[in-house]
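# Chain and residue survey
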Amino acid sequence: MAEELCGDNLTGGYRIFADLHTHTTYSHGKGSVEDNVRAAKFRGLSQIAITDHGIRHPLVGVGRKKFPAMRRDVEEAEKKFGIRVMLGIEANIFGMSGQIDLSEKDIEELDIVLAGFHASARPEKISDIAKFQANLLAGRLGKSGKEQIARNTKAYINCIKRFPVDVITHPGFWLQLDTFELGKACADYGTYIEISSRHRVPDEAGLEGFMKSGVLFVINSDAHRVQDVGKWDYAVNLAAKAGLDESRIANAGDKPLVLRSRR
């Protein structure tokens with residue numbers, strides 16, 4: 001296992017110091033909190049976030065009753081391996097209103113807040129099925145119309161305006177988005193856009209739109225297996241090809257990681 005995990009966090013010319021999106025057995029990851037943190041240490045990372053799925057994700061969503069146990073695991077792993085370990089949740093955006101499955105109290109108890117759309121999450125209203133979720137197949141095929149793309153984008157922007165989300169996860173994986181408009185909103189509110197190696201989004205055109213907006217990014221693994229923690233070949237290759245400067249990647253370089261939810 002050690003040989004599989006060892007690696008250099010200087011990837012594609014980017015000095016990435018944190019993996020801010022990893023899953024554990026608390027949702028449907030394959031490894032424990034300790035397993036993921038050990039992997040991050042082997043990869044040469046100085047920080048990692050444990051970000052299991054939000055409550056409305058069927059079967060694998062993390063209930064609030066598990067938060068104390070997760071916090072204990074995070075604190076124990078941080079002491080054992082000597083790197084920063086953050087407790088977070090990948091919340092579900094489940095309606096046109098931008099609602100997520102975290103309360104204000106939940107957000108206060110977490111160290112980092114991620115949010116994204118997951119097709120299986122129960123919608124907020126019946127009307128949202130038609131407005132926001134009915135175009136899933138078209139979105140995956142890249143065939144959503146302009147009006148639907150505008151609605152999708154509005155839901156994400158509503159989320160950013162209502163909640164102190166640190167990272168928008170895998171934008172464009174399930175739903176087509178106007179990346180320039182979403183990027184502008186994220187830049188205004190201090191939310192980062194994830195370049196996801198697991199889901200291989202955004203694509204080249206999407207990244208170009210985000211870059212024009214002035215938004216900042218994070219490069220994440222979205223690891224569901226221990227061996228994928230700190231692995232981001234797709235993300236760094238895409239970023240390097242697009243000429244994305246390291247200064248625009250929040251979890252790379254010498255700068256401190258600034259999180260909107262902690263301000």
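Bear in mind that the values here come from a model prediction, so they are computed numbers and not experimental data.

### As for helix H7 (residues 146-162)
A rise of 1.5 Å per residue sets the reference length of H7, with its 17 residues, at 24 Å; its end C-alpha atoms lie 24 Å apart and thus fit the reference within 8%. For H7, every residue scored as buried is listed here: Gln 148, Ile 149, Asn 152, Thr 153, Ala 155, Tyr 156, Ile 157, Asn 158, Cys 159 and Ile 160.

### Some remarks on helix H9 (residues 204-213)
Turning to H9, its buried residues number three or more, namely Gly 206, Leu 207, Gly 209, Phe 210, Met 211 and Ser 213. Buried residues in H9 make contact with helix H8 (179-189), strand E8 (192-196), strand E9 (217-220) and helix H10 (233-242). Its side-chain oxygen placed 3.3 Å from the backbone nitrogen of Ala 205, Asp 203 serves as the N-cap of H9. Of the residues one or two after H9, Gly 214 is the one with positive phi, at around 90°.

### Topic: the packing of H9 against H10
Packing of H9 against H10 brings their axes to within 11 Å, and their N-to-C directions diverge by 60°. Taken together, H9 and H10 sit at an angle that is classed as oblique. Of the two possible hands of crossing, H9 and H10 adopt the one that is right-handed. In this structure, H9 contributes Glu 204, Leu 207 and Met 211 to the contact, and H10 contributes Leu 238, Ala 239, Lys 241 and Ala 242. The class makeup of the residues in the contact of H9 with H10 is 5 nonpolar, no polar and 2 charged.

### Regarding the environment of Val 85
Structurally, Val 85 is set in strand E5 (residues 84-92). Judged by its relative accessible area of 4%, Val 85 falls in the buried class. Sequence separation between Val 85 and Ile 50 is 35 residues; the distance between their C-alpha atoms is 7.4 Å. If we skip the residues at most four places from it in the chain, Val 85 touches Val 37, Ile 48, Ile 50, Val 74, Ala 77, Glu 78 and Asp 111.

### Structural notes on the pairing of E5
The element E5 is largely enclosed, with a buried count of 8 among its 9 residues. Alignment of strand E4 (residues 47-53) against E5, held across 7 bridges, turns out to be parallel. Residue pairing for E5: Ile 50 is matched across the bridge by Leu 87. Here 5 bridges tie E5 to strand E6 (residues 112-116), and the two strands are oriented parallel to one another. Bridged to Ile 89 within E6 is Val 113. Remark: the E5/helix H4 (residues 104-109)/E6 crossover connection has right-handed handedness.

### Some details on the sheet that holds E6
Here 7 strands make up an open sheet; going across it, the order is E3-E4-E5-E6-E7-E8-E9 and the pairing parallel. Taken across any chain shown, the strands that pair with only one partner, and hence form the sheet edges, are strand E3 (18-22) and E9. Of the strands in this sheet, E8 and E9 touch H10, which is tilted by about 115° from E8.

### A word on the pairing of E4
Within E4, 7 of the 7 residues are buried, leaving the element largely enclosed by the surrounding structure. With 3 bridges joining them, E3 and E4 adopt parallel strand pairing. Opposite Asp 19, over in E4, you have Ile 48 as the bridge partner. Chirality of the crossover, the property in question, places the unit of E3, helix H2 (residues 33-42) and E4 among those that are right-handed. Running through helix H3 (residues 67-81), the crossover from E4 to the neighbouring parallel element E5 is right-handed.

### A few points about the confidence of the model for the protein chain
Residues with a pLDDT of 70 or more make up 92% of the protein chain, whose mean pLDDT is 92. Ignoring residues within four places in sequence, the model shows residues 1-7, a span with pLDDT below 50, making 12 contacts including any to other chains.

### Considering a positive patch on the surface
On the surface, a cluster of positive charge is contributed by Lys 125, Lys 131, Lys 154 and Lys 161. Relative to the assigned elements, Lys 125 resides in the loop between E6 and helix H5 (126-133). Relative accessible area serves as the criterion here: at 51%, Lys 125 is assigned to the exposed category.

### Some details on the packing of aromatic side chains
The geometry of an aromatic ring pair comes down to the distance between the two centres and the angle between the two planes. Taken as a whole, this structure holds 2 aromatic pairs when the rule is applied. Ring geometry for Phe 173 versus Trp 174: centroids 5.2 Å apart, planes at 75°, classification edge-to-face. The interplanar angle of 85° and the centroid separation of 6.4 Å between the aromatic rings of Phe 210 and Phe 217 together place this pair among those described as edge-to-face. Look at Phe 210 and you get buried, because its relative accessible area is 0%. Given the relative accessible area of 0%, Phe 217 is considered buried. The lysine or arginine in question, Arg 56, covers the ring of Phe 94, its NZ or CZ lying 3.8 Å from the ring centre.

Calculation criteria
Residues numbered from 1 in each chain as written. Predicted model: local features only at pLDDT ≥ 70, side-chain atom pairs only at ≥ 80, totals over all residues. Heavy atoms only, no water. Helix = DSSP H or I, 4+ residues; strand = E, 2+ residues; numbered from the N terminus. Expected span 1.5 Å × (residues − 1). Buried < 20%, exposed > 50% of the residue type's maximum accessible area, 1.4 Å probe, protein only. Contact = heavy atoms within 4.5 Å. Polar contact = N/O pair within 3.5 Å; in protein donor to acceptor, adjacent residues only side chain to side chain. Axes fitted to C-alpha atoms, helices over the stretch in contact; angles between N-to-C directions. Parallel < 35°, antiparallel > 145°, perpendicular 65-115°, else oblique. Left-handed = near helix turned anticlockwise from the far one by under 90°. Nonpolar A, V, L, I, M, F, W, Y, C, P; charged D, E, K, R; others polar. Pairing = 2+ DSSP bridges. Right-handed = clockwise from strand over helix to strand, strands pointing away. pLDDT = per-residue confidence, 0-100. Patch = residues over 30% accessible without salt bridge, like charges linked within 9 Å, V, L, I, M, F, W, Y side chains within 5 Å. Areas by Shrake-Rupley, 256 points an atom, 1.4 Å probe, with all protein chains shown as cover. Salt bridge = Lys/Arg side-chain N within 4 Å of Asp/Glu carboxyl O. Lys, Arg positive; Asp, Glu negative; His and termini not counted. Charge placed at Lys NZ, Arg CZ, Asp CG, Glu CD. Phe/Tyr/Trp six-rings, centres within 6.5 Å; stacked < 30°, edge-to-face > 60°. Lys NZ or Arg CZ within 6 Å of the ring centre and 35° of its normal.

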